[in-house]
Amino acid sequence: MTKTKVIIGLGSCGVAAGAGKVYKKISELKEAENLDFELGKTSCVGMCYREPLVEVIDENGSFLYGGIDEDKAVELINKHVNNNNPVRDYIVVTDLYDTPDRKYLEGQVKIALRNCGMIDPEIIAEYEERGGYGAVRKIVENKIPPENVIKEVMDSGLRGRGGGGFPTGLKWKFAHKNKSDNKYIICNADEGDPGAFMDRSLLEGDPHSVLEGMIIAGYAVGANEGVIYCRAEYPLALKRLAIAIEQAEDRGYLGSNILGKEGFDFRITVKEGAGAFVCGEETALIASIEGERGMPRKRPPFPAESGLWRKPSNINNVETFANIPWIIDKGGSAYAKYGTEKSKGTKVFALAGKINHGGLVEVPMGITIKDVIFKLGGGIPGGKKFKAVQLGGPSGGCIPEYLSSTVVDFDSVTATGAIMGSGGMVVMDETTCMVDVAKFFLDFTRKESCGKCTFCRVGTKRMLEILIRITEGEGETKDMEKLEELAYQIKDSSLCGLGQTAPNPVLTTLKYFRDEYEAHISQKKCPSLTCKKLLTYEVNEENCTGCTVCAKNCPVDAIEGARKEVHFIKQDICIRCGVCFNKCKFDAINLS
Amino acid sequence: MRVKRISKKIPELPESPEKVDLSLLDPLIEKFSGKKGITIPVLQGAQEIFGFIPREVFIRLSEELNLELNELYGVATFYAQFRLSPVGKMIIKVCHGTACHVQNAGTITESLQESLKVEDGCTTEDGLFTLESVACLGCCSLAPVMMIGDETYGKLTGNEAVKIIKELKLKEKN
């Protein structure tokens with residue numbers, strides 16, 4: 001009989017939901033009662049909405065339990081592990097019977113995420129057991145020349161997963177062609193899009209696949225040094241990367257004469273980013289590694305020609321590298337079977353916002369947005385109406401409900417005015433104000449603009465001022481034209497991707513939700529009741545208990561009423577700050 | 001743009017309340033001496049030691065590592081991570097990623113500002129809390145989220161956030 005295994009998901013999202021405490025509780029319990037089961041760790045399987053997750057594998061199969069806190073963990077161990085009596089109420093997915101959550105997993109094709117949630121990322125042997133480092137071994141054992149490795153990647157049709165969508169094989173070819181005494185492979189792990197977390201999950205859940213992808217890139221391009229530029233805000237990813245690098249060095253996958261192959265040298269170091277969104281842009285990232293302010297440089301020369309320390313450099317994103325070992329192992333054509341004509345393979349998306357099943361999903365290119373949101377994501381909570389989905393973060397745009405049968409691939413998404421981006425998919429329902437969303441993103445890009453190009457630095461500020469005016473009821477009809485004019489000027493006059501795409505959220509919302517802008521401007525109304533300055537606050541007479549909290553907290557004394565009597569808001573004094581609404585414990589403040 | 005006006009800021013570079021023990025920098029200087037591309041890791045190391053980067057530290061690093069003072073200062077003010085003044089005992093990070101934004105993260109910051117009587121990015125008078133807005137903490141499915149130390153609090157409302165702070169304050173006093 002095999003020993004029962006209890007595995008706890010300890011990714012950042014799981015830890016945030018309390019998985020660390022659950023792990024501690026179970027290991028204490030195991031210690032105290034001297035229980036006979038194997039306790040293991042893994043990372044995120046992508047079901048963030050069900051965290052903390054605990055998987056029990058026994059002779060009957062696998063049982064994945066969701067929403068486990070310390071008390072439930074004790075119950076689980078007692079009933080299932082000790083008495084072989086699974087707790088049906090907490091089961092999310094099991095081998096034994098169908099559950100609603102199974103749909104979330106079934107629609108997915110896991111290539112980049114193939115090991116996430118399946119292995120303990122801190123143990124290299126578990127990666128090797130699942131075929132890890134097999135691709136490097138294959139190259140060495142079969143003496144595959146670098147040109148053929150590049151050809152395989154080109155055949156796969158893999159395009160850069162960081163957002164640009166540039167063919168990876170072609171990029172490698174350029175870097176390969178440029179002769180130099182030293183070249184660099186850089187992994188862009190500066191995932192700064194608010195609402196995107198797939199790179200973090202990959203680094204936390206399967207760091208070796210990224211290292212292996214980089215080693216293969218190093219071999220193909222002829223580089224001996226690799227640098228991973230990772231956000232300092234990802235402490236767990238940094239920790240696991242450090243462990244993985246050390247283990248890979250010990251096993252001879254990193255260092256000199258890798259796997260005994262003469263002259264196959266490759267080393268990887270990690271550089272911590274210091275918090276600047278613009279460093280996701282490749283030339284800014286290079287400047288940052290060199291210790292300067294992360295400001296983009298003019299291209300050409302492209303990094304493939306003159307990159308880090310003026311040497312030929314190849315930069316790819318985390319997810320791109322994670323796909324590489326699979327492609328070398330199974331062949332480029334196997335990868336190209338998935339996807340559409342021009343976008344091959346799969347893409348990982350971070351589903352968040354107003355959605356039932358938030359988390360990570362990896363789907364084949366060519367699936368419709370609707371299917372991702374409703375079939376995998378389980379639709380919108382609270383029976384609300386789906387309004388739009390935001391793709392591509394601050395550089396992307398909002399795709400409205402009526403275009404939700406758009407398929408997910410680089411070209412179809414770009415045609416809507418959004419971009420594929422790194423894969424953040426934030427779902428919005430009828431209570432989300434699109435003007436406010438545009439304002440939010442512009443505020444972000446304005447803060448993150450490095451200041452090098454005038455149009456980006458000043459233009460985003462001017463656009464933001466107009467948007468603030470509109471959301472405060474001071475908008476004028478010609479503001480929409482002004483926004484468009486500025487948007488195109490910024491796009492045309494910025495050096496890097498940040499400025500060139502910063503106006504996208506405004507342009508797409510203007511295109512698809514012009515009526516909302518008009519309502520804000522001409523009727524001074526916010527249809528989704530988000531923009532505070534455009535709301536009217538009134539006391540709901542039935543719910544008001546006369547507790548006086550609202551009156552006490554009102555900064556302008558606009559609320560009157562005696563204790564235990566219904567209060568009243570004087571509209572001519574009210575500054576619409578929303579304090580009464582936030583303070584009221586009895587739902588007695590109505591918005592209209 | 002993140003860069004603050006230098007002319008205004010320099011005199012404010014805190015003359016640290018306590019004397020800064022510059023010898024703590026020795027291992028850092030030894031580690032990075034003579035290497036290239038070190039500006040960011042050196043500043044990160046210094047901030048790790050002191051919690052922020054005091055004026056004296058800039059000067060010593062510049063002298064010992066042969067880095068221009070203006071370069072060091074330029075880098076420190078470019079990146080969001082670096083602090084030029086001391087922080088509170090606990091840092092409250094309120095997530096303002098997209099997912100949190102559409103789930104009303106604004107209300108949380110506003111409620112905390114009101115309750116703690118500090119502006120965003122500032123430290124309370126008692127030196128207990130520093131309130132910060134951060135871009136995505138990466139637990140979007142728990143939105144809206146705030147993080148204090150290692151503890152993450154999810155699915156918050158303004159009132160709940162204030163309650164958590166009050167409890168922490170109480171705990172601190174006892």
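Predicted, not measured: the structure shown is a model, and the values here were computed from it.

Here we come to the confidence of the model for chain B. Residue and element names in this part refer to chain B. Put simply, chain B has an average pLDDT of 85, and 90% of its residues get 70 or more. The element-level mean pLDDT for chain B is lowest in helix H1 (residues 6-9), coming to 42, with helix H5 (residues 69-78) highest at 94. Here residues 1-13 scores under 50 on pLDDT; set against residues more than four positions off or in separate chains, the count is 24 contacts. Here the predicted complex carries an ipTM of 0.85, next to a pTM of 0.91.

This part is about the side chain of Asn 188 of chain A. Residues and elements named next belong to chain A. Along the chain, Asn 188 falls in strand E6 (residues 184-189). Classification of Asn 188 as buried rests on a relative accessible area of 13%. From its side chain, Asn 188 meets the backbone nitrogen of Asp 190 in a polar contact 3.1 Å long. A polar contact of 2.9 Å, which involves the side chain of Asn 188, links it to the backbone oxygen of Gly 280.

Looking now at the interface of chain B and chain A. Frequently, the measure chosen for interface size is the accessible area that the parts lose on association. With 38 residues of chain B at the interface, the matching set in chain A holds 56 residues. A buried area of about 3500 Å², summed over both sides, lies between chain B and chain A, and 54% of it is on carbon and sulfur atoms. On the surface where chain B and chain A come into contact, there are three salt bridges. Here Glu 110 of chain B makes a salt bridge to Lys 532 of chain A, at a shortest N to O gap of 2.6 Å.

In this section: the domain arrangement of chain A. All names here are of chain A. By domain assignment, chain A separates into domain 1 (5-106), domain 2 (124-336), domain 3 (346-429), domain 4 (434-523) and domain 5 (535-591). Computed from C-alpha atoms alone, the centre-to-centre distance between domain 2 and domain 4 is 35 Å. Listed by partner, the interface residues are eleven residues for domain 2 and eight residues for domain 4. The contact between domain 2 and domain 4 buries some 890 Å² in all, and 79% of this surface belongs to carbon and sulfur atoms. Considering only the surface of domain 2 that becomes buried against domain 4, Pro 194, Phe 277 and Pro 296 emerge as the three largest contributors, covering 50% of it.

What follows is about the pairing of strand E11 (residues 359-364) of chain A. All names here are of chain A. With five of six residues buried, E11 lies mostly within the body of the structure. Bridge count for strand E10 (residues 346-353) against E11 is six bridges, and the pairing is antiparallel. Opposite Thr 346, over in E11, you have Pro 364 as the bridge partner. In sequence, E10 turns back onto E11 through a hairpin of five residues.

Our next topic: the pattern of salt bridges. All names here are of chain A. Under the counting rule described, the total for this entry stands at 40 salt bridges over all chains. Of the charged contacts, one joins Lys 311 and Asp 181 as a salt bridge, the two residues approaching to 3.0 Å between their closest N and O atoms. Residue Lys 311 is found in the loop between helix H12 (282-289) and strand E9 (313-317), and its partner Asp 181 is found in the loop between helix H8 (168-177) and E6; the two are separated by 130 residues along the sequence. Lys 311 gets classed as partly exposed once you look at its relative accessible area, which sits at 25%. In this structure, the salt-bridge partner of Arg 469 is Asp 479, at a minimum N-O distance of 2.7 Å. Of this pair, Arg 469 sits in helix H18 (residues 454-471) while Asp 479 sits in helix H19 (residues 479-493), and the two are ten residues apart along the sequence. By relative accessible area, which is 0% here, Asp 479 ends up buried. What emerges from the salt-bridge pattern is a single network uniting Lys 171, Glu 281, Glu 282 and Arg 299.

Parameters and conventions
For every chain, the first residue of the written sequence is number 1, and numbering continues from 1 onward in sequence order. Each chain takes a letter, starting from A, and each ligand takes a number, starting from 1, following the order in which they are written. Under the rules for a predicted model, residues below a pLDDT of 70 receive no local features and side-chain atom pairs below 80 are neither given nor counted, while totals for whole chains, interfaces and linings still include all residues. The basis for every side-chain value is the complete set of non-hydrogen atoms in the structure, without hydrogens or water. pLDDT is defined as a per-residue confidence score from the predictor, taking values between 0 and 100. Secondary structure counts use DSSP, requiring at least four H or I residues in a row for a helix and at least two E residues in a row for a strand, with both numbered from the N terminus. Should any heavy atoms of two residues lie within 4.5 Å, those residues are counted as being in contact. With a 1.4 Å probe rolled over the protein chains alone, any residue whose accessible area is under 20% of its type maximum counts as buried; one over 50% counts as exposed, and the rest are partly exposed. The term polar contact refers here to a pair of N or O atoms within 3.5 Å; inside protein, the definition further demands a hydrogen-donor-capable atom paired with an acceptor-capable atom, and it admits residues adjacent in sequence only when both atoms are side-chain atoms. Once two parts are put together, the accessible area they lose, assessed with a 1.4 Å probe and summed over both, is termed the buried area. Just to be clear on terms, a salt bridge is a Lys or Arg side-chain nitrogen sitting within 4 Å of an Asp or Glu carboxyl oxygen. Just so you know, the domain bounds were taken from an automatic or database domain assignment. By definition, two strands form a pair when at least two bridges between them are found by DSSP.

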